[in-house]
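Chain and residue survey
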Amino acid sequence: MLDQAVNSEYEIKSRRYDLAVVGAGPVGSLCALIHARKGARVALFEARSNGARTVGGEWLHPPAARLLQQVGINFETPADASVTKGFIYFPEDGSEPIELPYPNGSQGLACDHGLLVKRLRDTAINHPNVDLIPERVRSIDDDRVGFERSGVQESIAADLIVGADGPRSVVRRALGLATKRTSCSRMLGFELNGNGQGIDLPKEGYGSVVLGGPGPMFIYRLNSNSVRIHVDVPLRFPSEQTGDLLMNNCMPLLPEELQHEFTNLVQEKRFHVTSNGLNPRMSYGDPQRILLGDAAGHYHPSTAVGMTLGFGDAYALSEYNDPSRFAAQRFKEIRAPEMLALAFYEILVDDRVETVALRQSVYRMWRERGWQAERSLKLLSCEDTSEFGLGLVGGLAMLRATSPTKQHSSGSGLRSLKQSGTARYRLIMRIGWFIRGVRQLRKVRATSQASAQKFLDAMARALPATMQSRESRSDEPLDQAA
Ligand SMILES: Cc1cc2nc3c(=O)[nH]c(=O)nc-3n(C[C@H](O)[C@H](O)[C@H](O)COP(=O)(O)OP(=O)(O)OC[C@H]3O[C@@H](n4cnc5c(N)ncnc54)[C@H](O)[C@@H]3O)c2cc1C
């Protein structure tokens, strides 16, 4: 279906649409589909019409998996996808792994990114109300979307233009918003299949987050044949060290059954490298041009919320006909997951004494398996998007991290007292900067670069490990093969 549509002889059936969606990635395709089913005439533009980006969102939290089901996209066979039940964290200190099931037995989904996008895109363009225009959008002028076909400039008009064109969004640029993002790390993506024989994981159904390497590693089953490993490498490690880091610091932490194949893939350089960056949601656009998904904002994938938030954006747009009500509602729903995504990567990778104290406090909370653990999983999976919930769980974790307890008693007497005092002071300072940054973020309006700068300055003090490369804010390519 996709290949037929890519033919340059394709027909543009109309010069005016209700909706022009720029980008047929996961979010744009879902948006086009939902609106078409509600009767809108949709033009769906896609620059890479023969495929999707090589590495991207594959782990869908339960709310995103439910939304897919709701629109009739099912991955019924284990050869296509796997059902997910939660996470297992392997702390960096080698202590007992921590099992964190999704609350109330809810289930998510993991699926190869290319397959997920193909399924969504095919379903959208099979709808009679959707016309795929397999071209890169070059310009947005008022209600016109400009593109080039066989060297000739063309355009169509639409009542509403939706930018679902990812981090380098042309619609975002047309709105005068920054497309530069803060790079935080590189992500190396491996696919293991037991050399075609299939592969077992120690705990099926759970995504394993392994700490103790350069950055967190995330391991999950993609389908009955394959397992994905994402290795995060913070930017403080130069890329020339990648091979050594993978072999000496990552491979030994993997489950035994994965080590041999992982080693081969590293030696043969068969992995993908992606740049992780962040650009928080500061605006959803204006009444004529709306941003969704990564075009509106994106974060380090440590909380795997990109698709869940993007699908939520697409769904909400179809529910609220009024763009400003849509934006107001979305800002209510995304702020808590956004704050968590910003802070969580820092908690996982930073080794300053105060962050270690906070990390240990989070482990203790999870190990106790009480309501705090359950609520934190609801927050991580976007089942709970309330700022109150985040404030409560986060506040308690911080309080425990700042009270002098056993975790500071590795040294003895005066030294441990001093250490815990320093940790407490530094943690309080950084929380202060974080709150200041979040308050600044709320003030940012569309093109206000000054407020955006203040937000970034505050966050750089709150999240030094995440934001260390702020100077290298960049437009570098998002993905490449090793
Ligand atoms: C390494 C990595 C791992 C991740 N893991 C997860 C995860 O496990 N779970 C999760 O939820 N999220 C994850 N994410 C985030 C997730 O990939 C994104 O949030 C998601 O892909 C956003 O979808 P989107 O449709 O908004 O943008 P994109 O996926 O970027 O799609 C944008 C589409 O627009 C097209 N396009 C761009 N410009 C134009 C133009 N000018 N004209 C026409 N078309 C254009 C592109 O070709 C593309 O098809 C991960 C991200 C990375 C980098």
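In this text the structure is predicted, and so the values were computed from the model without any measurement.

**Digging into the confidence of the model for the protein**
The predicted structure's coordinates, where accompanied by low pLDDT, should not be read in detail. Of all residues in the protein, 90% attain a pLDDT of 70 or more, and the chain-wide mean is 89. Ranking the elements of the protein by mean pLDDT puts helix H1 (residues 2–6) last, at 44, and helix H2 (residues 26–37) first, at 98. Of the regions scoring below 50 in pLDDT, residues 1–6 engages in 15 contacts with residues more than four places distant in sequence or in other chains. Low pLDDT, under 50, characterises residues 407–411; the stretch is placed with 14 contacts to residues that sit more than four places away or in other chains.

**Structural notes on the site of the ligand**
Around the ligand sit 35 residues, and of these Glu46, Gly57, Val137, Asp294 and Met307 come closest. At 3.3 Å, a backbone N or O of Gly306 approaches an oxygen atom of the ligand. At a separation of 2.8 Å, an oxygen atom of the ligand approaches a polar backbone atom of Met307. Considering the ligand on its own, with 1000 Å² of exposed area, one finds that the protein chains cover 92% of that surface. Mapped by element, the contributors of at least two residues to the shell around the ligand are H2, helix H4 (113–125), strand S16 (272–278) and helix H8 (306–319). Classifying every residue of the shell around the ligand by side-chain character gives 16 nonpolar, ten polar and nine charged.

**Concerning the pattern of salt bridges**
Under the criterion given, the structure shown has 31 salt bridges. When the shortest N-O distance is used, the salt bridge between Arg66 and Glu383 registers 2.8 Å. Here Glu383 lies in the loop between helix H11 (371–380) and helix H12 (387–402) and Arg66 lies in helix H3 (residues 62–70), a separation of 317 residues in the sequence. Taking the relative accessible area as the measure of exposure, Arg66 reaches 38% and is therefore partly exposed. With relative accessibility at 31%, the residue Glu383 sits in the partly exposed group. Note that Arg228 and Glu191 form a salt bridge whose closest N and O atoms lie 3.8 Å from each other. Highlighted residues: Arg228 in strand S15 (residues 227–234) and Glu191 in strand S12 (residues 182–192), separated in sequence by 37 residues. By relative accessible area, Arg228 is classed as buried at 7%. By relative accessible area, Glu191 is classed as partly exposed at 39%.

**Topic: empty space enclosed by the protein**
The full count for this structure, using the stated rule, is one cavity of 30 Å³ or more. In this structure, the largest cavity occupies an estimated 40 Å³ of space. Lining the largest cavity, in full, are Trp59, Ser82, Val83, Thr84, Gly205, Tyr206, Tyr220 and Arg221. Breaking the lining of the largest cavity down by element, the ones donating at least two residues are strand S4 (81–84) and strand S14 (217–221). A per-element tally of the lining of the largest cavity places S4 first, with three residues. A per-class count over the lining of the largest cavity returns four nonpolar, three polar and one charged.

Reading guide: rules and limits
- Residues numbered from 1 in each chain as written.
- Predicted model: local features only at pLDDT ≥ 70, side-chain atom pairs only at ≥ 80, totals over all residues.
- Heavy atoms only, no water.
- pLDDT = per-residue confidence, 0-100.
- Helix = DSSP H or I, 4+ residues; strand = E, 2+ residues; numbered from the N terminus.
- Contact = heavy atoms within 4.5 Å.
- Near = heavy atom within 4 Å.
- Polar contact = N/O pair within 3.5 Å; in protein donor to acceptor, adjacent residues only side chain to side chain.
- Areas by Shrake-Rupley, 256 points an atom, 1.4 Å probe, with all protein chains shown as cover.
- Nonpolar A, V, L, I, M, F, W, Y, C, P; charged D, E, K, R; others polar.
- Salt bridge = Lys/Arg side-chain N within 4 Å of Asp/Glu carboxyl O.
- Buried < 20%, exposed > 50% of the residue type's maximum accessible area, 1.4 Å probe, protein only.
- 1 Å grid on protein atoms, 1.4 Å probe; cavity = no way out; pocket = protein on both sides within 12 Å on 5 of 7 lines; lining within 4 Å.
- Points joined across faces, edges and corners; volume = space filled by probe spheres on them.

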